[in-house]
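If you want the building blocks of each chain, they are given just below.
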Amino acid sequence: MTNALELTGMSHRHVDLGEIKMHVAELGTGPAVLFLHGHPALWLTWRHQMAAMAEAGYRAIAPDQRGYGDTSIPSGVQAYDIEHLSGDVVRLLDALDLEQAVVVGHDWGALVAWYTALIHPDRVRAVAGLSVPYVPRTPVPPTQHWRETMGEDFYMLWLQEPGVADALFNADVERALNGRWILDREGWRNGPATNALTFRSPEDHQVVTAALKRNGWTGPLNWYRNFDRNWELLARYDGRTVDQPALFIGGEKDQVLRFMPPSLMDGHVTDLRGADILPGVSHWIQEEAPDQVNRRLLDFLAGLSGQTSD
């Protein structure tokens, strides 16, 4: 099992983006591929992809996004809105002297990747979303949409109130990291916490757990508390489409696809070159099925230059 901290040639540094300092891991040389992790994760979620990209002649770049790991943790909910998050991508490219990059995201990182492609199209050469497709702006604010379609018990509504989930998650990081909280707001359903993330080595799991214990959950949860604000900010882009070459990869067992199906992209992503659903795979797709994900990403990247991979 690959341990992220033992990958040969991996470099780490902190990049000054002005408002924040961002921890960035890099591996390989060549055309840039920027990987954006989701919730709750760190750069090391991409360890398998970084190794494969570097071996294939690409420069793999994976930051801890704001609020996570060794990157700054701004205070205030609005510091985590989509303008800040997509702006971090642009500022990182600037700091690395990159005019463009292929941007690949998972979960929340996928939303950042899609919306960066929408808002800053000149900076994104191509875009790939894992687990979360491009989600067009709804007719009503997201929290209203969820109440109408998913009901008051929908977990994202529970996450909106500052301090509530934060306290519960901080009190038992292991249990929160395993997602036990989604089904029961008042307490833990399933007895003692265990590491259900068996696709991650104990060493890598400890890095993620230690970061959440050190930093707390408020920064990561503030991403969720900007859904309605993001809806307002994205109004100016109504009618704009994502026109870069694009790829979506999802897992057959991922519950996210119940309320964010790939069909949402129809008419909004104009150069979608694949929407693959991997059988038997759940949410942590790039860690659960790294070989399948790597093969699809490398085929996608090769297609950008008119080549085909082996």
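Residues numbered from 1 in each chain as written. Predicted model: local features only at pLDDT ≥ 70, side-chain atom pairs only at ≥ 80, totals over all residues. Heavy atoms only, no water.

So, the sheet that holds strand E4 (residues 59-63)
Here we have 8 strands laid out as an open sheet, ordered E1-E2-E4-E3-E5-E6-E7-E8, and mixed in their pairing. Edge positions in the open sheet fall to strand E1 (11-16) and strand E8 (272-278), since each of these has one partner strand only. The mean inter-strand angle of the sheet, taken between neighbouring strand axes irrespective of direction, is 20°. Alignment of E1 against strand E2 (residues 21-27), held across 6 bridges, turns out to be antiparallel. Within the sheet, the bridge partner assigned to His14 lies in E2 and is His23. (Pairing = 2+ DSSP bridges. Helix = DSSP H or I, 4+ residues; strand = E, 2+ residues; numbered from the N terminus. Axes fitted to C-alpha atoms, helices over the stretch in contact; angles between N-to-C directions.)

Remarks on helix H6 (residues 164-171)
Working note: α-helix, 3.6 residues per turn, so residues spaced by three or four point in the same direction. Of all the residues in H6, the buried ones are Ala165, Asp166 and Phe169. For H6, the angular spread of the buried residues around the axis is 105°, confining them to a single face. Looking at the buried side of H6, the elements it contacts are helix H5 (155-158), helix H7 (173-177) and helix H9 (218-224). (Buried < 20%, exposed > 50% of the residue type's maximum accessible area, 1.4 Å probe, protein only. Arc of directions from axis to C-beta. Contact = heavy atoms within 4.5 Å.)

Focus on the pattern of salt bridges
Counted under the stated rule, the structure contains 19 salt bridges. Note that Asp94 is salt-bridged to Arg123, the shortest N-O span being 2.8 Å. Taken together, the residues span a long stretch of sequence, with Asp94 in helix H2 (residues 82-95) and Arg123 in the loop between helix H3 (108-119) and strand E6 (124-130) at a distance of 29 residues. Asp238 is paired through a salt bridge with Arg137; the nearest N and O atoms lie 3.1 Å apart. Taken together, the residues span a long stretch of sequence, with Asp238 in the loop between helix H10 (227-233) and strand E7 (246-251) and Arg137 in the loop between E6 and helix H4 (142-149) at a distance of 101 residues. Overlapping salt bridges bring together Glu19, Arg66, Asp88 and Arg91 as one network. (Salt bridge = Lys/Arg side-chain N within 4 Å of Asp/Glu carboxyl O.)

A word on the confidence of the model for the chain
Scored by pLDDT, the chain comes out at a mean of 91, with 92% of its residues at no less than 70. pLDDT under 50 marks residues 187-193. Its contacts with residues more than four places away, or in other chains, come to 18 contacts. (pLDDT = per-residue confidence, 0-100.)

A word on the packing of H2 against H3
Orientation of H2 relative to H3, taken along the N-to-C sense of each, is 80°, at an axis distance of 9 Å. The pairing of H2 with H3 is recorded here as roughly perpendicular in orientation. Facing H2, whose interface residues are Ile82, Leu85, Ser86 and Val89, H3 presents Trp108, Val112, Tyr115, Thr116 and Ile119. Broken down by class, the residue content of the contact of H2 with H3 amounts to 7 nonpolar, 2 polar and no charged. (Parallel < 35°, antiparallel > 145°, perpendicular 65-115°, else oblique. Nonpolar A, V, L, I, M, F, W, Y, C, P; charged D, E, K, R; others polar.)

As for the nonpolar core
Ranked by internal contacts, the top residues of the largest apolar core, which has 105 residues, are Phe35 and Met50. The biggest single contributor to this core is H3, with 10 residues. (Core = buried A, V, L, I, M, F, W, Y, C linked by side-chain atoms within 4.5 Å.)

Notes on the pairing of E6
On any regular strand, side chains alternate: one points to one face of the sheet, the next to the other face. Counted residue by residue, E6 has 6 buried out of 7 residues, so it is predominantly covered. Bridge count between strand E5 (residues 101-106) and E6: 6 bridges; the pairing is parallel. Counted as the bridge partner of His106 is Leu130 from E6. Tracing the backbone out of E5, into H3 and back to the parallel element E6 gives a crossover that is right-handed. When E6 meets E7, the two strands line up parallel, connected through 4 bridges. Within E7, the residue paired with Val127 across the bridge is Ala246. (Right-handed = clockwise from strand over helix to strand, strands pointing away.)

A look at the packing of aromatic side chains
On inspection of all chains with the given rule, the structure shows 15 aromatic pairs. Taking the centre distance of 5.7 Å and the plane angle of 65° together, the rings of Tyr115 and Tyr134 count as edge-to-face. Taken together, the residues Tyr115 in helix H3 and Tyr134 in the loop between E6 and H4 connect sequence positions 19 residues apart. Using a relative accessible area of 5% as the deciding quantity, one classes Tyr134 as buried. Members of the aromatic cluster, connected to one another through ring pairs, are Tyr68, Trp108, Trp146, Phe154, Tyr155, Trp223, Tyr224, Phe227 and Phe259. The residue whose ring lies beneath Arg200 is Trp284, and the NZ or CZ to ring-centre distance is 5.4 Å. (Phe/Tyr/Trp six-rings, centres within 6.5 Å; stacked < 30°, edge-to-face > 60°. Lys NZ or Arg CZ within 6 Å of the ring centre and 35° of its normal.)

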